[in-house]
Protein chains: 2
Amino acid sequence: MAGKAEKALGELVDLCKEIHLLRSCSSLLGWDERTYIPQKGTPHRAEQQSLLAGIVHDKFTSPKIGDLLNEIENSELVDDPLSPAAVNVREIRRLYDKEVKLPKSLVEEISRTVTLSEQAWVEARKKSDFHMFSPWLAKMTELKRQQADAIGYKKERYDALLDDYEPGETAENIKKVFDGLRKELVELVEAIGSSSRRPDISILERNYPVDKQEVVSKTASASIGFDYNGGRLDITTHPFCTTIGPGDVRITTRYNQNHFGQAFFGVLHESGHGLYEQGLDPQYAGLPMGESVSLGIHESQSRMWENFVGRSKPFWIYFFPWVKKVFWESLNDVKLDDFYFAINDVRPSLIRVEADEVTYNLHILLRFEIEHAIFAGDLKTDDVPGVWNENFKRYFGIVPPDDARGCLQDVHWSCGYIGYFPTYTLGNLYAAQFFAKAKEELGNLDEQFSHGSFTDLLSWLREKIHKHGMRYRAPDLVKEVTGKPLSHEYLMSYLKEKYGMLYGI
Amino acid sequence: MAGKAEKALGELVDLCKEIHLLRSCSSLLGWDERTYIPQKGTPHRAEQQSLLAGIVHDKFTSPKIGDLLNEIENSELVDDPLSPAAVNVREIRRLYDKEVKLPKSLVEEISRTVTLSEQAWVEARKKSDFHMFSPWLAKMTELKRQQADAIGYKKERYDALLDDYEPGETAENIKKVFDGLRKELVELVEAIGSSSRRPDISILERNYPVDKQEVVSKTASASIGFDYNGGRLDITTHPFCTTIGPGDVRITTRYNQNHFGQAFFGVLHESGHGLYEQGLDPQYAGLPMGESVSLGIHESQSRMWENFVGRSKPFWIYFFPWVKKVFWESLNDVKLDDFYFAINDVRPSLIRVEADEVTYNLHILLRFEIEHAIFAGDLKTDDVPGVWNENFKRYFGIVPPDDARGCLQDVHWSCGYIGYFPTYTLGNLYAAQFFAKAKEELGNLDEQFSHGSFTDLLSWLREKIHKHGMRYRAPDLVKEVTGKPLSHEYLMSYLKEKYGMLYGI
């Protein structure tokens, strides 16, 4: 019997690796589409992608996979739920069930609607008129409700969508954690706003030649451990990190000659994603044991390197003297403390993607509350602008002057990405909780950073998180690594300590 | 009946377009492999390529394709042999028969042998010892003989291999044309060697900053018509042109800061290939009617733009004043005539890829004679160095000092590319014959070039050659376009006139 199950496991692994290989071809096509493709090449690219997606779908929904899963699930191979075999089977089952449960007609309708809805969003944003987009959001919500119903859920529909991004997480739990966060965060933002201290952020807006920014960003990212023999850095409008395969992890950024931080911290952020990908176990490439846990855990890695490390004082004790030499014309009169304060400027602002690490989470809380209410049927899409602006005023003390800089600023809802937003703040929360534990276990991290040594932290992350792939779902991983369930307290005490010092509060 | 055949044709077209889409994914993977892939990403890339190749092979050898071909071939759809349907069916049949006739075991053995043989060639070239490589060449020849026998041929085995590169061409015909060329070419090279005139080629070896070379090369290539909205130029060690799909044709080059010509003429050469690809009919993308005729016809386009246009006096009457300004430091004391003479320097040299447009063909003649003799069993591989050096002396008046700079310089034979070499000179012959006809029909081409206008020539090529795809096999295309069968006379009179003037002979 075990022989039969083992044979089935072997076949399943081969099939999944083959599907992964095909998906990885799509990844390269996608990378090229966002970096180097000539303008007239895009229609052909769409055909290539759609053909590959079709082949992958056919292979993955073949009843053969269901049969193999059944065979293994009824064997002792999965007795230990944390064994690689059990983990792979558990997660392949999750994806397989979703893929076969979704009616093809619904998948196609969502796909068609996304195209139209995104076009409507682009137009609506251009005219700053949410009501042009509102019916599309309503339609998309309805389709995603059908999707959730087809897939099924335990407590509430929203959880079925959340599962695409943060498997094992629930709206109920997110709500609980976010509720704790909200009050303290708003208070902190108010306190910072009332402080008389203000950094001089104009020093970041001087002349920073792009070629030097590239050298500095790449050097810093290589210093924290990103392996450029197994990766690349290119330029795109919207920065991202993508994995083509083991040994091929690519990140991108955009440069602004008149801003030091945008590319630099962007590269650290994407490098954080890249370090996670480079730390996955290549023997399990193409299998859940060789894949990242969730968007939230992924974001915890990017945020940790970008903010907890990259915007820390010790990091700049090491890097600032060199960066100052590179950009001598712009930084020769700047002191470390002023530079450090400038890169940690906190102020209420309208646009999420430009927000600092304190206010950023309020942008997310606002979005989560609204999409959760729409999805639960408690909020009509037409009422979104009113609620958005009202809550924005409550959290930030300011009101967006128009929808383009308010509830129309993000593409997510137009693409049907409902359940995606909370993963950004989950990432910050995980990052804080992991980082606190790393400091506790590794001791003198600050001292190490100030000497340009980041290997202890990276090894710790590799050992505790990366190498496990999807062995633990995010909520369990947090408990496994830190001994505690997810809590808002770690992020808040990190923010209070850091910004308390900076703003004298 | 016609309805059934039409349905079959529709199905065949869909299948071929799907196979082409998959192949075009491989093309992008291949482009990336030679441009941007990080070092550690290559093993995964090999797996991706091998999976795609397997899927393509399975799809293309499916009996379904044979059935569809039969259905259409027995219908009136192919009554007109030059109709798109008939051409597509003719060429798909050619490829399908080859693919199904080749035993899988032979394909695999050739593939394994290529890997080992290429390694042996690299080693042998490093040590400049042909005898290390000789047994591999013998083995490869034997395998290629088996391939030829499996595929079948009319007159001689060599033709079965030639068919991979130059469908419809025969060794007998090549021999006849090359025989005519040889005598006159050797005489011309001797006459040039005896001339007292010599260009000062040192002016090309001054300081030519790479960024400016890129601007100049791209500008020239855009001027002759290469569309950068539907293409790219990147850097690689070995320049090439590849088509990802309609609207996406990519060329590459390499820059040498201390040589003006290598990148410039390399880019014109690859642009010539690119113009052909950009001129194919997109409605037939993925079908023979939307593909190039042969390697020789492809090379005729690259050579025409590189040499007949790019190394012509009128071309430089237009470009030289501007290029002089761009590289003022290196060219301010240089006269147009001296520059023109320098870029047309002719002298016997050891290395094919560095040869000028006169002696280049002697390099090819030598290789064709040797590979043809080996393949016919008239020459043992151990005797190659002797024959090579003897003939080299006869054609060029010099003897290679070692095998590395003699019979070991090219990779082709180690990869089993037998029948490939002659297409280079066929390209030059086609180019000369086409170009003579274009001048005859279009009149004042020199005048146009000297004003930077290349559209008449490009439109003529599009109309006469590009848009037909594989409608005509190469020998027929030449007759169709020029009214004459392929002859060495056009190339010889072009060379005699041009170099007669330059060298005063």
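How each quantity is defined
- Residues numbered from 1 in each chain as written.
- Chains lettered and ligands numbered in written order.
- Predicted model: local features only at pLDDT ≥ 70, side-chain atom pairs only at ≥ 80, totals over all residues.
- Helix = DSSP H or I, 4+ residues; strand = E, 2+ residues; numbered from the N terminus.
- Rg over C-alpha atoms; globule rule 2.2 N^0.38 Å.
- Buried ≥ 20, exposed ≤ 12 C-beta atoms within 10 Å, placed from the backbone.
- Contact = placed C-beta atoms within 7 Å.
- Pairing = 2+ DSSP bridges.
- Axes fitted to C-alpha atoms, helices over the stretch in contact; angles between N-to-C directions.
- Left-handed = near helix turned anticlockwise from the far one by under 90°.
- Nonpolar A, V, L, I, M, F, W, Y, C, P; charged D, E, K, R; others polar.
- Least-squares fit on C-alpha atoms with pLDDT ≥ 70 in both.
- Domains from an automatic or database assignment.
- Core = buried A, V, L, I, M, F, W, Y, C linked by C-beta atoms within 7 Å.
- Expected span 1.5 Å × (residues − 1).
- Arc of directions from axis to C-beta.

A few words now on the overall build of chain A. Check the secondary structure of chain A and you find 21 helices and three strands. For 505 residues, the compact-globule formula gives about 23 Å, and the C-alpha radius of gyration of chain A, at 23 Å, lands near that figure. Projected onto the principal axes, the alpha-carbon positions of chain A cover approximately 70 × 50 × 50 Å. By the burial criterion, 43% of the 505 residues in chain A qualify as buried. In chain A, of all internal contacts separated by at least 6 residues, the share reaching a separation of at least 24 is 72%.

Its identity is not glycine, yet S128 of chain A carries a phi of approximately 55 degrees, on the positive side. Topologically, S128 of chain A is positioned in the loop between α5 (104–127) and α6 (130–151).

All names here are of chain B. The sheet built from three strands is open, its strands ordered β1-β3-β2 with mixed pairing. Two strands lie at the open edges of the sheet, namely β1 (231–235) and β2 (241–245), each paired on one side alone. Taking the axes of each pair of neighbouring strands and ignoring which way they run, one obtains an average angle of 25 degrees across the sheet.

Bringing the packing of helix α15 (residues 360–375) of chain A against helix α16 (residues 384–396) of chain A into the picture now. All names here are of chain A. Contact pair α15 / α16: the axes reach a minimum separation of 10 Å and the direction vectors enclose 145 degrees. Where α15 crosses over α16, the handedness of that crossing is right-handed. Contacts between α15 and α16 involve L362, L366, E369 and I370 on the former and, on the latter, V384, V387, W388, N391, F392, Y395 and F396. Of the residues assigned to the contact of α15 with α16, the class counts are nine nonpolar, one polar and one charged.

Moving on, we get to the sheet that holds strand β2 (residues 241–245) of chain A. All names here are of chain A. In space, the three strands of this open sheet follow the order β1-β3-β2, with mixed pairing throughout. The open sheet is flanked by β1 (231–235) and β2, the only strands paired with a single partner. If you compare each strand with its neighbour and ignore which way they point, the axes differ by 25 degrees on average. Sheet analysis places β2 next to strand β3 (residues 248–253), joined by four bridges and oriented antiparallel. Directly across from G245, in β3, lies its bridge partner D248. On top of the sheet, helix α10 (residues 261–279) reaches β1, β2 and β3; it is set at about 165 degrees to β3, its chief contact.

For the rest of this paragraph, the subject is the relation of the copies chain B and chain A. Superposition of chain B onto chain A requires a rotation of 179 degrees combined with a translation of 0.0 Å along the rotation axis, giving an RMSD of 0.1 Å. What we have between these two chains is a two-fold relation. Considering only C-alpha atoms, the residue of chain B closest to the rotation axis is C25 of chain B, which sits at 3.7 Å.

This brings us to the environment of G230 of chain B. With respect to the helices, strands and loops of the structure, G230 of chain B is situated in the loop between α9 (210–223) and β1. Here G230 of chain B falls in the buried class, since 20 other C-beta atoms lie within 10 Å of it. A C-alpha to C-alpha distance of 7.9 Å links G230 of chain B and Q278 of chain B, two positions 48 residues apart in sequence. When neighbours within four sequence positions are excluded, G230 of chain B is seen to be in contact with P38, K40 and G41 of chain A together with G247, D248, V249 and Q278 of chain B.

Another point: the interface of chain B and chain A. With 30 residues of chain B at the interface, the matching set in chain A holds 30 residues. Of all elements in the fold, only α1 (2–35), α2 (42–60), β1 and β2 of chain B reach the threshold of two or more residues within the side of chain B that touches chain A. Counting residues per element, the side of chain B that touches chain A draws most heavily on α1 of chain B, at eight residues. Grouping the amino acids of the side of chain B that touches chain A by side-chain chemistry returns 14 nonpolar, ten polar and six charged.

What follows deals with the domain arrangement of chain A. All names here are of chain A. The domain architecture assigned to chain A consists of domain 1 (2–101) and domain 2 (201–346 + 443–471). Taking only C-alpha atoms, the centre of domain 1 and the centre of domain 2 are 30 Å apart. The interface is formed by 18 residues belonging to domain 1 together with 16 residues belonging to domain 2. If you list the elements that add at least two residues to the side of domain 1 that touches domain 2, you get α1 (2–35) and α4 (84–101). When residues of the side of domain 1 that touches domain 2 are assigned to their parent elements, the largest contribution, twelve residues, is made by α1. Tallied by class, residues from the side of domain 1 that touches domain 2 come to nine nonpolar, six polar and three charged.

The next thing to look at is the nonpolar core. Judged by nonpolar contacts, the single largest core of 116 residues is most densely connected at L12, F264 and V309 of chain A. Each of domain 1 (2–101) and domain 2 (201–346 + 443–471) of chain A accounts for three or more of the residues forming this core. Sequence-distant contacts of V309 of chain A, defined by excluding residues within four places in its chain, comprise I224, M304, F315, F449 and F454 of chain A. Judged by nonpolar contacts, the second largest core, of 115 residues, contains L77, L204, I418 and Y494 of chain B.

Time to look at the environment of K64 of chain B. Secondary-structure assignment places K64 of chain B in helix α3 (residues 63–73). Sequence separation between K64 of chain B and E11 of chain B is 53 residues; the distance between their C-alpha atoms is 9.7 Å.

The subject of this paragraph is helix α17 (residues 422–442) of chain B. With 21 residues, α17 of chain B should cover 30 Å at 1.5 Å per step; its first-to-last C-alpha distance of 30 Å lies within 8% of that length. The first or second residue beyond α17 of chain B is G443 of chain B, which carries a positive phi of 75 degrees.

Residue and element names in this part refer to chain B. Closest axis-to-axis distance for the α3/helix α4 (residues 84–101) pair is 11 Å, and the angle between their directions is 145 degrees. Judged by the twist between their axes, the crossing of α3 over α4 is left-handed. Every residue of α4 that contacts α3 at I65, G66, L69, I72 and E73 is listed here: V89, I92, R93 and Y96. In terms of residue class, the contact of α3 with α4 is made up of six nonpolar, one polar and two charged.

Residue and element names in this part refer to chain B. Using a count of 15 C-beta atoms within 10 Å as the deciding quantity, one classes S128 as partly exposed. For the pair S128 and D402, spaced 274 residues apart in sequence, the C-alpha to C-alpha distance is 6.4 Å. Those residues in contact with S128, other than ones at most four positions away along the chain, are D402, D403, A404 and L408.

Think of an α-helix as turning once every 3.6 residues; residues three or four places apart then point the same way. Residues and elements named next belong to chain B. Compared with the 27 Å implied by 1.5 Å per residue over 19 residues, the 26 Å span of α2 between its first and last C-alpha is a close match. Along α2, the residues that are buried comprise H44, R45 and Q48. Down the axis of α2, the sector holding all buried residues measures 105 degrees, keeping them to one side. Exposed residues on α2 whose side chains face more than 90 degrees from its buried face are P43, A46, S50, G54 and D58.

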